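# Descriptive analysis of the structure
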Amino acid sequence: MRNFPIVPDGWIYLIGLGFITLLIFFWKSYAALIPFILFIFVGFFFRNPKRDIPLQPDLVVSPADGVVMSVEKVIENRYIQAEAIRIRIFLNIFNVHVNRAPVAGTVGFQEYRPGKFLAAYKNEAAQLNEQNLVGFQDGDFRVLVSQIAGLIARRVVSWVKPGDTLQRGERFGLIKFGSCTEVYLPSNVQVEVKKGDRVKGGETIIGRVIR
């Protein structure tokens, strides 16, 4: 996964579009421009860039690229089971859609929830849309990430399962074609981002653990 410039989940789309482009090109060359543009866009969407992961201890990095929509205190009763800080990140169709582990640790929780496909920037999307929850645990420290499908995104993809061990910034899944990612942090984390900030998955520091 680390060495592929395009994630394997996008290959089937590229092969199909590439085949269609060639067929149309041999029929009417100028008409092949449309599927060729789609081919380029799909390759761009499923890109899998390398990131410079911060190595300092007690850091939490962004699980996704995008814009921070909100930072607020909530009660998280699915995995952290305590007061937590929720950071909502909106991903448009031009953002990298690969999700990364915000902390190093073991996957201690995973749950898929079917649902609707409302626009990801709407507040109710977090409760009603299709989503995949992944909990990361390092000792007693727990972080929960929610991959939320959006209006165009119709599938949430996860490459991990409970018991897997990941490093900070390691890729664990993606959401197809525009979406929202939420990360829930324990109350002993000092948040380093605010509403409106642009973040990069695996690279932007969004919190520091207070010991």
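Rules used throughout
Residues numbered from 1 in each chain as written. Predicted model: local features only at pLDDT ≥ 70, side-chain atom pairs only at ≥ 80, totals over all residues. Heavy atoms only, no water. Helix = DSSP H or I, 4+ residues; strand = E, 2+ residues; numbered from the N terminus. Buried < 20%, exposed > 50% of the residue type's maximum accessible area, 1.4 Å probe, protein only. Contact = heavy atoms within 4.5 Å. Areas by Shrake-Rupley, 256 points an atom, 1.4 Å probe, with all protein chains shown as cover. Expected span 1.5 Å × (residues − 1). Arc of directions from axis to C-beta. Pairing = 2+ DSSP bridges. Axes fitted to C-alpha atoms, helices over the stretch in contact; angles between N-to-C directions.

### Some points on the overall build of the protein
A count of helical and extended segments in the protein gives 3 helices and 14 strands. Buried residues in the protein amount to 49% of all 211 residues. Partitioning the intrachain contacts of the protein with sequence separation of at least 6 by distance along the chain shows that 71% fall at a separation of at least 24. As displayed, the protein offers around 10,600 Å² of accessible surface, 59% of which is attributable to carbon and sulfur atoms.

### Focus on unusual backbone geometry
For Asp-58, which is not glycine, the phi torsion reads 65° and is therefore positive. By the element assignment, Asp-58 lies in the loop between helix H2 (33-45) and strand E1 (59-61). Unusually for a residue other than glycine, Gln-81 sits at a positive phi of about 55°. Relative to the elements of secondary structure, Gln-81 occurs in the loop between strand E2 (66-76) and strand E3 (82-91).

### A closer look at H2
Residues three or four positions apart in an α-helix share a direction because the helix packs 3.6 residues into each turn. If you check H2, its first and last C-alpha atoms are 18 Å apart, about what 13 residues at 1.5 Å a residue would give, namely 18 Å. Buried residues of H2: Pro-35, Val-42, Gly-43 and Phe-45, and no others. When H2 is viewed along its axis, its buried side chains cluster within an angular range of 160° and face the same direction. Where H2 is buried, its residues meet helix H1 (11-27) and strand E10 (171-175).

### Side note on the sheet that holds strand E14 (residues 205-209)
The antiparallel open sheet is built from 3 strands, whose spatial order is E1-E14-E12. Each having just a single partner strand, E1 and strand E12 (189-191) make up the two edges of the open sheet. Averaged over all pairs of adjacent strands, the angle between their axes in this sheet comes to 30°, without regard to strand direction. Across 3 bridges, the pairing between E12 and E14 is antiparallel. Within E14, the residue paired with Val-189 across the bridge is Val-209.

### Observations regarding the pairing of strand E7 (residues 141-149)
Burial within E7 is extensive, with 8 of its 9 residues counted as buried. Of the strand pairs in this sheet, strand E6 (residues 131-138) and E7 are connected by 8 bridges, and their pairing is antiparallel. Within E7, the position partnered with Gln-131 by the bridge is Ile-148. Linkage of E6 to E7, two consecutive antiparallel strands, is achieved through a turn of 2 residues, within which Gly-139 is found at a positive phi near 65°.

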